[in-house]
Amino acid sequence: AFRIYESHLYLYFKSIRNMSKLTVEEAVNSLHSNSNLLTLLKVIFLVSYRIGSAMIGGLPNFTGQLPYKQWSCMQNSTKCLERVEQGGISRDSFCGVGGETPLLPGLDIIWELDGHKTYAVDWNLLCKREYIGTLITSSFYMGGGISLLFASALFDMFGRVKMIRITQTLSTIFAFMMMYAPGIWYQLITRFLFGTTYFLSDIGYLIIIVELLPASLRTKAVAATLLLLNFGYLSLVLFAYIFEDRNYIAGIAAAIFLVCLYPLYVMIPESPMFLLTNKKNEVAAKAALEKLSRFYGQEKSFENIEIVEYKGNENKELKKLNLKDNLKDFIRYPVLSIQCCILVFSWFVFAWIFYGLYYNWGEFGKSIYLNYILSSCSDFISLLFIYIYLNKCKRRSLAYLDFVTALALIISLAPINVGNDTISLRQVSSLIGYIANGVVLNANYVWIQELSPTTHRGIIASLSSSSSKVGSMLAPQVGLLFAWNKTATLGIFAGASAVCGVLMLLLPETKGHDLPSQAKDVM
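Values in this document were obtained by computation on a predicted structure and should not be read as measured data.

With that settled, consider the overall build of the protein. Check the secondary structure of the protein and you find 24 helices and 4 strands. Out of the 523 residues in the protein, the part that is buried amounts to 54%. Considering only intrachain contacts with a sequence separation of at least 6, the fraction spanning at least 24 residues in the protein is 82%.

Moving on to the packing of aromatic side chains. The final tally for this structure, using the stated rule, is 31 aromatic pairs. Relative to Tyr359, the ring of Tyr141 lies with its centre 6.2 Å away and its plane at 80°, an arrangement referred to as edge-to-face. Of this pair, Tyr141 sits in helix α9 (residues 130-147) while Tyr359 is found in the loop between α19 (334-358) and α20 (368-392), placing the two residues 218 residues apart along the sequence. Like Tyr141, the residue Tyr359 is buried in the burial classification.

Two numbers describe how helix α4 (residues 49-58) lies on helix α14 (residues 248-259): the axes approach to 8 Å, and their chain directions differ by 160°. Considering the angle they form, α4 stands roughly antiparallel to α14. For α4 against α14, the interelement crossing comes out left-handed. Packed against α4, whose contacting residues are Tyr49, Ile51, Gly52, Ser53, Met55 and Ile56, the element α14 presents Ile249, Ala250, Ile252, Ala253, Ile256 and Phe257 at the interface. Its residues assigned to classes, the contact of α4 with α14 shows 10 nonpolar, 2 polar and no charged.

Between helix α10 (residues 151-158) and helix α12 (residues 184-212), whose axes approach to 11 Å, the crossing angle comes to 60°. Classified by the angle their axes make, α10 and α12 are oblique. When the axes of α10 and α12 are compared, the crossing they make is right-handed. Contacts between α10 and α12 involve Ala151, Leu154 and Phe155 from the former and Leu200, Ile203 and Gly204 from the latter. Across the contact of α10 with α12, the residue classes tally to 5 nonpolar, 1 polar and no charged.

Considering the arrangement of structural elements, one finds Thr167 in helix α11 (residues 160-177). According to the relative accessible area criterion, Thr167 is buried, its value standing at 3%. A sequence separation of 27 residues divides Thr167 from Phe194, and the C-alpha atoms of the two residues are 9.3 Å apart. Apart from the residues within four sequence positions on either side, Thr167 is in contact with Thr197, Leu200 and Ser201.

Core analysis: the biggest nonpolar cluster contains 125 residues, and Phe194, Ile268, Ile307, Tyr355 and Tyr358 have the highest contact counts within it. Here this core gets 14 residues from one element, more than from any other, and that element is α19. If near-sequence neighbours (up to four positions away) are discounted, Ile307 is found in contact with Leu22, Val24, Ala27, Leu276, Glu282, Lys286, Leu289 and Phe302. The next biggest cluster of nonpolar side chains, apart from the first, holds 16 residues, and it includes Cys95, Ile109, Tyr119 and Leu188.

Taken as a whole, the protein shows an average pLDDT of 79; of its residues, 86% reach a score of 70 or greater. Here helix α1 (residues 2-19) is the element of the protein with the lowest mean pLDDT, 48, and α11 is the one with the highest, 92. Segment residues 8-16: pLDDT under 50, and 0 contacts once partners within four positions in sequence are set aside and those in other chains are kept. Note on residues 313-320: pLDDT under 50 across the span, and 14 contacts to partners over four residues away in sequence or across chains.

A word on empty space enclosed by the protein. For the coordinates displayed, the defined rule picks out 7 cavities of 30 Å³ or more. Estimated volume of the largest cavity: approximately 320 Å³. Taken together, 28 residues line the largest cavity, and the ones lying closest to its centre are Arg50, Leu229, Tyr233, Tyr355 and Tyr445. Those elements that place two or more of their residues in the lining of the largest cavity are α4, α9, α12, α13 (215-242), α19, α20, α22 (425-451) and α23 (457-474). With 5 residues, the single largest contributor to the lining of the largest cavity is α4. Per-class residue counts for the lining of the largest cavity are 16 nonpolar, 8 polar and 4 charged. Every residue along the wall of the second largest cavity is listed here: Leu206, Ile209, Val210, Arg218, Val222, Tyr445, Val446, Gln449 and Glu450. When residues of the lining of the second largest cavity are traced back to their parent elements, those giving at least two are α12, α13 and α22. Among the elements that line the lining of the second largest cavity, the one with the most residues is α22, at 4 residues.

Calculation criteria
Residues numbered from 1 in each chain as written. Predicted model: local features only at pLDDT ≥ 70, side-chain atom pairs only at ≥ 80, totals over all residues. Heavy atoms only, no water. Helix = DSSP H or I, 4+ residues; strand = E, 2+ residues; numbered from the N terminus. Buried < 20%, exposed > 50% of the residue type's maximum accessible area, 1.4 Å probe, protein only. Contact = heavy atoms within 4.5 Å. Phe/Tyr/Trp six-rings, centres within 6.5 Å; stacked < 30°, edge-to-face > 60°. Axes fitted to C-alpha atoms, helices over the stretch in contact; angles between N-to-C directions. Parallel < 35°, antiparallel > 145°, perpendicular 65-115°, else oblique. Left-handed = near helix turned anticlockwise from the far one by under 90°. Nonpolar A, V, L, I, M, F, W, Y, C, P; charged D, E, K, R; others polar. Core = buried A, V, L, I, M, F, W, Y, C linked by side-chain atoms within 4.5 Å. pLDDT = per-residue confidence, 0-100. 1 Å grid on protein atoms, 1.4 Å probe; cavity = no way out; pocket = protein on both sides within 12 Å on 5 of 7 lines; lining within 4 Å. Points joined across faces, edges and corners; volume = space filled by probe spheres on them.

Listed below in structure tokens is the structure:
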């Protein structure tokens, strides 16, 4: 009888012990099962840096505006007046392409910029020097693409939140420096430096959305970042219209970055998943969880709860993260390599198409302000579809939106003259493709994090984000392709989008599944 009692007692205490064992993800989810307004406002405050990033990213659309449609002939310029009478002046005619004599500012034409300053005019970056303006725009993404190659090592070595604090602080300094733009080289260097730090902090935010926020808040956090980004684009158009010297917009963005340093330094802890998985420090992970509980308006102790990376065999040893071993896993597990390659290529294409259209809306209509207001409104529409997608749809359904993008861009190729000087068929169909591509680009942030195992999430996220920055870096050059052949450029966009749709159908469904912990857990 005593032996039976002893065995029952052993089983009882063993069951109690198993009940008090939680994975990091379960512990985070236990902190906040139902969202409330205060917590949601804290999350919005945390990611509100996106307003400033939208302003900095889109600023060259206005500070470097190419005013090929905003001029009038000098009254004493016979050459300009004759060309207008003969059927108007195109960009090629303006620049002297095809053997014609170029029109000269001050002699043949006068700019009509309503008092606004643009470095394209101040530094003569028109016609044959137009490529310099595209380099200034691209330098932002060049810095990001280079820095993200080292993102995985930096975030795994120093921690998620610590790296965000450092890079966000530097981004604030560089944004203030961008208020002053005395010349081409200064503009190139400051935008490059800002890109190196901003995109590191941006990928860090994406990681902590997965690792610090409960599953019930992740979708809302992604929606909040996109909503704030779109609000930033609209604010950019408004400020560009108000300020004669549009470089002041960089100062507004810098002030937003400065305010957003508060939650980073005061409100949120280091990622518990990083502390346990990378540092093997359960005590620090528990302390981080307790601080995180206060962020969610609770006061929860994890002293009597065992925090583990995953549930399984108790005697199973967890492998310590090592960059060299993690890279070898891409050879050991071909499925992981294939998924990574698809994500890297797809994100390059998504960013190239999205920003290729965004930076060249001036090619689709006369008013630069109307063009960018329409694109910003399209971003809000895409945000609505993203929210519906993340809550109601399977992740693999993103592939079908790639086909929608391709179809819309193909329609824009139709040689049909429908519309007026304000809105045309090509502009409407391109906006539809832009909306569909925007949904895929932004919703893919979540899918990448869900597909990647914890041990490789930094590597895959940084590689994918780096490839997207390469696409973004090449996007401003699309304007040169439009000048060469607009129809062929849109056709290339459509074909690339269709290829990505086929590739994404090969990826597994992740909605409703636990996050993979190690490479062998990848489906």
